[in-house]
Amino acid sequence: MKRKYALFALIAAFALMLTGCSGGKSAQERGFTVAVLDTYIDSAKVEAYGASQERETPATFMALSMGDSENDPMSAVAGAAAFTTQVASGEIDVVIAPPQVVAASARSETFMPLTELFSPEELAAIDDALWIDYELYDENLTPTGERTPACGIDVSQDEGLQSVLGKQQIGVYVVVNTAYPDQARQMVLDYLK
């Protein structure tokens, strides 16, 4: 029991520490931000990828390692706390990550459903084989047979993202509380061209 309280205290302290990282900047001061997540990620690769992107809307690309829950649980706790804090404080607008890395966030409705992001006509033009959704579980971690609304798009074919995340399934997700919904929507569409 003491370990649980110690772990909770560590997460709370870490989250409070991270809350000050934004420096109180508003979304307009901070700008449009894309977080690239993986278990472990090379921030230099993410920065180089972000610098290579020419878009109508400038975006800041940042790397966030989510940790390995099996081999290093503390890194996973720290990664989850950092991500949750940044999402809650509105510091992240779009997430690019392997679907398994953000599964818990997707099940917690962190990402905007595609039906809210796109018009019915736009959604009809996107191959539904590219839609990413997640199986739901009950409190005993038993599958319920239900799924989340589709909240991500598979962009695994993008060679630039492969250079950062490797050859694996990669999804792009719009954070539900983004201050830049139009830019986020356009970024998703750009990956589909």
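Residues numbered from 1 in each chain as written. Predicted model: local features only at pLDDT ≥ 70, side-chain atom pairs only at ≥ 80, totals over all residues. Heavy atoms only, no water.

> Please explain the sheet that holds strand β3 (residues 94-97) as it appears in this structure.
Spatial strand order, β2-β1-β3-β8-β7-β4: 6 strands in an open sheet with mixed pairing. At either end of the open sheet lies a strand with only one pairing partner, and these are β2 (60-65) and β4 (131-132). Looking at chain direction, β4 and strand β7 (residues 152-154) are connected through 2 bridges and run antiparallel. Note that in β7 the partner of I132 across the bridge is G152. Contacting β1 (33-38), β2 and β3, helix α4 (residues 73-88) crosses the sheet at an angle of about 150 degrees to β2. (Pairing = 2+ DSSP bridges. Helix = DSSP H or I, 4+ residues; strand = E, 2+ residues; numbered from the N terminus. Contact = heavy atoms within 4.5 Å. Axes fitted to C-alpha atoms, helices over the stretch in contact; angles between N-to-C directions.)

> Looking at this structure, I do not really get the pairing of strand β6 (residues 143-147). What am I missing?
Working note: regular strand, side chains alternate between the two faces of the sheet. As paired strands, strand β5 (residues 135-137) and β6 are joined by 2 bridges and run antiparallel to one another. Opposite E135, over in β6, you have R147 as the bridge partner. Following β5, the chain reverses through 5 residues before pairing antiparallel with β6; L141 in that reversal takes a positive phi of roughly 60 degrees.

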